[in-house]
Amino acid sequence: GREMSTDQNWRRTWYGPGIYRIRVRGSLRATWSDHLAGMRISPDEGDPDCTVLDGPLPDQAALLGVLKGLYDLGMPLLLVECIEGNGGHHIGAGT
């Protein structure tokens with residue numbers, strides 16, 4: 001088969017759907033899910049001072065919407081990870 005060009009790989013990575021995990025510092029109630037693209041919100045099992053959001057997002061625009069919503073809520077980002085689809089890339093990390 002024909003190999004994908006670098007541009008095609010980039011488009012698949014950044015524009016396709018994926019399942020994401022986002023970890024933030026602070027507590028966030030599950031009721032915020034509707035305002036954050038329907039992502040599942042749960043306490044971080046390893047750190048009670050953190051919250052984990054995970055779920056499918058259709059594209060990077062939806063991811064940016066969730067990240068902006070968390071920013072607007074004053075939730076410091078600790079991790080953004082594509083766990084399925086899009087090649088499983090870490091978009092940002094730090095604890």
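Predicted model only: the values in this text are computed from it and were never measured.

The rules we used
- Residues numbered from 1 in each chain as written.
- Predicted model: local features only at pLDDT ≥ 70, side-chain atom pairs only at ≥ 80, totals over all residues.
- Heavy atoms only, no water.
- Buried < 20%, exposed > 50% of the residue type's maximum accessible area, 1.4 Å probe, protein only.
- Helix = DSSP H or I, 4+ residues; strand = E, 2+ residues; numbered from the N terminus.
- Pairing = 2+ DSSP bridges.
- Expected span 1.5 Å × (residues − 1).
- Polar contact = N/O pair within 3.5 Å; in protein donor to acceptor, adjacent residues only side chain to side chain.

Colleague: What should I look at first to understand the pairing of strand β3 (residues 50-57) in this one?
Modeller: Every regular strand shows the same layout, with side chains that alternate between the two sheet faces. Among the 8 residues of β3, 7 are classified as buried, and the element is accordingly described as predominantly covered. Relative to β3, strand β1 (residues 18-25) runs antiparallel, the two sharing 8 bridges. Each residue of the ladder has a partner; that of tyrosine 20, found in β3, is glycine 55. By the bridge criterion, 4 bridges tie strand β2 (residues 40-43) to β3 in an arrangement that is antiparallel.

Colleague: Even after reading the chapter, I still don't get helix α2 (residues 60-72), so can you show me in this structure?
Modeller: The α-helix advances 3.6 residues per turn, and as a result positions three or four apart in sequence lie on the same side. With 13 residues, α2 should reach 18 Å at 1.5 Å per residue; the first-to-last C-alpha distance of 18 Å fits that figure. Regarding α2, its N-cap is aspartate 59, as a side-chain oxygen of that residue lies 3.2 Å from the backbone nitrogen of alanine 61 further along. Of the residues one or two after α2, glycine 74 is the one with positive phi, at around 75 degrees.

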